[in-house]
Amino acid sequence: MKVSVARLSAIAGIALVASAHVGSPDTYFEGAAGPYPVRVIVRTPGVVPGLAQITVRLLAPRAVRRVLVLPVYWDPKTAAPPPPDVAARVPGDSMLYSAALWLMLGGSYSVQVRVEGEQGSGAVLVPVMAVATKRLVLDRPLGAVLLAFGGLLVVGALTLIGAAVKESVLEPGAVPDRRRTLHARIAMTIGAVVLALTLLGGRAWWNAVDAAYRTGLYQPLHATATVRPAGGAGGRVLRLAIDDTSWTGPKRQWTPLVPDHGHLMHLFLVRDATLAAFAHLHPLPLDSTTFETSLPPLDPGRYRAYADIVHESGFAETLVATIDLDERVGTWRPTDADDAWMKENGKREPGNVVGLADGSTMIWDKSPAPILVDHAAPLHFVVTDPSGRPARLEPYMGMAGHAMITRDDGAVFVHLHPAGTVSLAALETFALRQPGDTVRGLLGARLTALEKGTTAPVEHGMKPLLAPRTISFPYAFPKPGRYRIWVQVKRSGRILTGVFDADVRPVR
């Protein structure tokens with residue numbers, strides 16, 4: 001009986017991970033709009049078309065005249081965007097502005113935030129993914145009220161039809177005869193049949209629209225992870241294949257992939273259930289559907305695989321798969337210099353101070369206050385060297401650090417940067433996009449040249465590596481539960497990983 005329960009639990013866990021809409025449902029960004037440091041939060045509606053809520057917080061006291069926001073769809077073939085909206089200042093908070101903007105099409109947008117003040121004007125682009133992830137349900141009380149009003153309209157329409165046939169041509173005060181009364185009843189019966197057919201047709205149309213919307217709910221590209229032997233000494237290769245028909249079919253619906261931080265794919269492996277092992281890898285493409293990377297010596301067991309990719313349209317998504325490792329790898333030669341992995345030996349003591357592999361220490365600088373859902377999370381980390389002095393960090397793939405967060409059941413996974421949840425590649429695709437970029441691959445080639453350093457860098461407003469010992473990640477946890485946080489930094493050419501746990505509580 002216990003074995004059956006365990007198997008059912010494992011199957012349920014796999015189904016949850018495989019079907020989870022991982023990633024952050026909202027967009028968090030910290031950067032600079034010219035001389036104005038800002039934090040931008042875009043709360044997407046979960047339906048398309050839908051109304052997105054945008055808040056812009058000034059992170060330094062500045063004299064500001066107004067804040068403008070404008071969503072721009074990725075496709076240059078679409079109509080010109082409308083004029084920007086003026087964000088309203090939130091009463092009681094002189095540093096906070098808000099606006100509501102319609103996202104009319106599914107796909108990727110760039111929300112342009114412009115700040116105008118005494119220090120001039122500055123703008124920044126914030127990539128936003130507009131996808132339908134839920135279906136709005138009509139509340140039963142409201143449905144009952146609408147049904148009652150609809151019934152009154154039907155009764156009123158039939159009454160008007162009967163009165164028009166029976167009395168409309170009579171002189172005032174004249175009494176309709178039996179013939180007119182009969183004709184009125186026949187007309188009302190025909191009207192009732194017509195109205196019934198109209199209502200049935202409308203219901204069928206509505207059900208068809210609802211079914212089409214249901215099938216259009218966003219699901220990440222399907223992917224499959226497998227392992228194969230590689231050479232001698234017990235080495236093995238992990239292969240991730242994108243086998244979704246919308247990617248592999250002749251009528252391809254997606255734009256090509258573009259490099260993000262120098263890699264077409266960022267692959268994360270997380271030990272299922274225990275979360276005791278973690279790997280951050282960068283597979284190389286064999287073709288447009290298959291990626292391979294050398295597998296580190298992880299312990300046998302079931303692992304969740306999360307693969308971050310960015311399309312030329314600026315659309316960033318996370319693919320999800322599971323894989324079973326039945327034996328430990330003998331030798332490991334990293335596929336890429338940015339690859340790293342770690343596992344916990346024995347029981348890890350919870351807390352906000354952890355030792356790193358080189359003897360340095362990472363401290364989670366947080367208050368004792370509980371972490372609440374949809375509230376700014378205190379993700380501030382400090383690194384000290386073995387002597388206790390501030391450690392000097394190096395950029396890791398162009399960033400001060402990277403944070404990966406997952407809920408213990410795998411329903412949430414997000415890859416964070418000091419600039420927030422946005423992808424650098426997605427931001428650069430909008431910064432580099434030109435009106436003539438209507439042919440697939442042109443923008444991707446330009447972005448690849450930028451990654452290789454053969455073209456001039458673009459201004460994107462992301463925070464540079466200014467504080468070598470302190471790293472912050474703007475984020476708010478979307479669901480309550482237990483979370484594991486991996487924070488990766490680079491010091492003396494070595495990638496170091498700190499591991500923390502967070503208990504996120506619902507708002508009461």
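Up top is the structure.
Model, not experiment: these values are computed from the prediction.

So, how was this worked out
- Sequence order sets the numbering: in each chain, residues are counted from 1 along the sequence as written.
- Given that the model is predicted, a residue must reach a pLDDT of at least 70 before its local features are reported, and side-chain atom pairs must reach 80 or more before they are shown or counted; all residues, however, enter totals for whole chains, interfaces and linings.
- Each side-chain value is derived from all of the structure's non-hydrogen atoms; neither hydrogens nor water enter the calculation.
- Secondary structure elements follow DSSP: runs of H or I of four or more residues count as helices, runs of E of two or more count as strands, with numbering from the N terminus.
- We call a residue buried when its accessible area falls under 20% of the maximum for its residue type, exposed when it is over 50%, and partly exposed in between, using a 1.4 Å probe and counting protein chains only.
- The Shrake-Rupley method, run with a 1.4 Å probe, gives the accessible areas here. Residue values count only the displayed protein chains as cover.
- N or O atoms within 3.5 Å of each other form a polar contact, as long as, within protein, one can give a hydrogen and the other can take it, and as long as residues adjacent in sequence are counted only when both atoms are side-chain atoms.
- Pairing between strands requires that DSSP locate at least two bridges from one strand to the other.
- Any pair of residues with heavy atoms lying within 4.5 Å of one another is described as a contacting pair.
- Here, a salt bridge means any side-chain nitrogen of Lys or Arg that lies within 4 Å of a carboxyl oxygen of Asp or Glu.
- Expected helix span is computed as 1.5 Å times (number of residues minus one).
- Throughout, nonpolar core names a set of buried Ala, Val, Leu, Ile, Met, Phe, Trp, Tyr and Cys residues whose side chains join them through atoms within 4.5 Å.
- Here the term patch refers to residues with relative accessible area over 30% and no salt bridge, with like charges joined within 9 Å and nonpolar side chains (Val, Leu, Ile, Met, Phe, Trp, Tyr) within 5 Å.
- All axes here are fitted lines through C-alpha atoms, helices being fitted over the stretch that makes contact, and every angle between N-to-C directions spans 0 to 180 degrees.
- Two helices cross in a left-handed way if the nearer one is turned anticlockwise from the farther one by less than a right angle. They cross in a right-handed way if the turn is clockwise.
- Under this grouping Gly is polar, as are all residues other than the nonpolar Ala, Val, Leu, Ile, Met, Phe, Trp, Tyr, Cys and Pro and the charged Asp, Glu, Lys and Arg.

Visitor: Any details on the overall build of the protein? Residues and values, ideally.
Guide: A tally of regular secondary structure across the protein gives 6 helices and 26 strands. Every one of the 508 residues in the protein was classed for burial, and the buried ones make up 44%. Looking at the protein as shown, the accessible area adds up to about 25600 Å², and 59% of this sits on carbon and sulfur atoms.

Visitor: Requested: an account of helix H5 (residues 424-432), with residues and values cited.
Guide: Where burial is concerned, most of H5 is hidden: 8 out of the 9 residues are buried. Of all the positions in H5, only Leu 424, Ala 425, Ala 426, Leu 427, Glu 428, Thr 429, Phe 430 and Leu 432 are classed as buried. Its side-chain oxygen placed 3.2 Å from the backbone nitrogen of Ala 425, Ser 423 serves as the N-cap of H5.

Visitor: Account for the sheet that holds strand E23 (residues 413-416), naming residues and giving values.
Guide: If you walk across this open sheet you meet the 5 strands as E20-E26-E25-E22-E23, and the pairing is mixed. Two strands in the sheet have a free side with no partner beyond their single neighbour: strand E20 (371-372) and E23. Bridging between E20 and strand E26 (residues 494-505) involves 2 bridges; their strand directions are parallel. By the bridge assignment for E26, Leu 372 is matched with Arg 505.

Visitor: Hey, could you go over the sheet that holds strand E13 (residues 284-285) for me, with residue numbers and the actual values?
Guide: Pairing is antiparallel across the open sheet formed by 4 strands, whose spatial order is E9-E10-E14-E13. Two strands in the sheet have a free side with no partner beyond their single neighbour: strand E9 (223-229) and E13. Pairing of strand E10 (residues 236-242) with strand E14 (residues 290-294) involves 5 bridges; the strand directions are antiparallel. Each bridged residue has a counterpart across the sheet, and for Val 237 the counterpart in E14 is Ser 294.

Visitor: Talk me through the side chain of His 263; I want residue IDs and the actual numbers.
Guide: Positionally, His 263 belongs in the loop between helix H4 (245-248) and strand E11 (266-271). Engagement of the side chain of His 263 in a polar contact is seen with the side chain of Asp 338, the distance being 3.0 Å. Look past the residues within four positions of His 263 in its chain and what remains in contact with it is Val 258, His 282, Asp 336, Asp 338 and Met 397.

Visitor: With reference to specific residues and values, describe the pattern of salt bridges.
Guide: Pairs may arise between side chains of opposite charge once their charged atoms sit close together. For the coordinates displayed, the defined rule picks out 17 salt bridges. The closest approach of N and O atoms between Arg 57 and Asp 93, which form a salt bridge, is 2.7 Å. Of this pair, Arg 57 sits in strand E3 (residues 50-58) while Asp 93 sits in the loop between strand E5 (85-89) and strand E6 (96-103); the two residues are 36 residues apart in sequence, bridging distant segments of the chain. Using a relative accessible area of 25% as the deciding quantity, one classes Arg 57 as partly exposed. One salt bridge connects Asp 210 with Arg 214, and the closest N-O pair in it is separated by 3.0 Å. Taken together, the positions of Asp 210 and Arg 214, both in helix H3 (residues 178-215) and 4 residues apart, correspond to about one turn of that helix. Take Asp 210: its relative accessible area is 17%, and that puts it in the buried class. What makes Arg 214 partly exposed here is its relative accessible area of 46%.

Visitor: Just give me the short version of helix H2 (residues 140-167), but keep the residues and values in it.
Guide: Helix length check: H2, at 28 residues, gives a terminal C-alpha distance of 40 Å against a target of 40 Å (1.5 Å per residue), a fit within 8%. Every buried residue of H2 is accounted for by Gly 143, Leu 158 and Gly 162. Among the structural elements, H3 are those in contact with the buried residues of H2.

Visitor: A description of the nonpolar core should follow, citing residues and the corresponding values.
Guide: Grouped burial of nonpolar side chains is what soluble globular proteins tend to show. Grouped together as the largest cluster of nonpolar side chains are 32 residues, with contacts concentrated most on Met 362, Leu 379, Phe 381, Ile 405, Tyr 475, Phe 477 and Ile 485. Where this core is concerned, the elements lending two or more residues are strand E19 (361-364), strand E21 (380-384), strand E22 (402-407), E23, strand E25 (481-491) and E26. Ignoring any residue separated from it by four or fewer positions in sequence, one finds Tyr 475 in contact with Ser 24, Tyr 28, His 375, Ala 376, Ala 377, Leu 379, Ile 405, Val 412, Val 414, Leu 416 and Thr 421.

Visitor: Report on a nonpolar patch on the surface, specifying residues and quantitative values.
Guide: Together, Leu 51, Trp 102, Met 104 and Leu 105 make up a nonpolar patch on the protein surface, roughly 400 Å² of accessible area in all. By the element assignment, Met 104 lies in the loop between E6 and strand E7 (107-117).

Visitor: Describe unusual backbone geometry, listing the residues and the values that go with them.
Guide: Note that the residue after Val 48, namely Pro 49, is joined by a cis bond; omega there is 0°. Its location among the elements puts Pro 49 in the loop between strand E2 (36-43) and E3. Positive phi, normally seen in glycine, also occurs at Ala 273, with a value near 70°. Within the secondary structure, Ala 273 is located in the loop between E11 and strand E12 (277-281). Ala 273 gets classed as exposed once you look at its relative accessible area, which sits at 62%.

Visitor: Outline the pairing of E26, listing residues and values.
Guide: Alignment of E25 against E26, held across 11 bridges, turns out to be antiparallel. Each residue of the ladder has a partner; that of Trp 486, found in E26, is Val 499.

Visitor: Let's hear about the packing of H2 against H3: which residues, and what values?
Guide: Running from N to C, H2 and H3 point in directions that differ by 150°, and their axes come no closer than 8 Å. Crossing handedness for the pair H2 and H3: right-handed. Residue-level contacts link Val 154, Ala 157, Leu 158, Ile 161, Gly 162, Val 165 and Lys 166 of H2 to Arg 180, Thr 181, His 183, Ala 184, Ala 187, Met 188, Gly 191, Ala 192, Leu 195 and Leu 199 of H3. Residue classes in the contact of H2 with H3 are distributed as 11 nonpolar, 4 polar and 2 charged.

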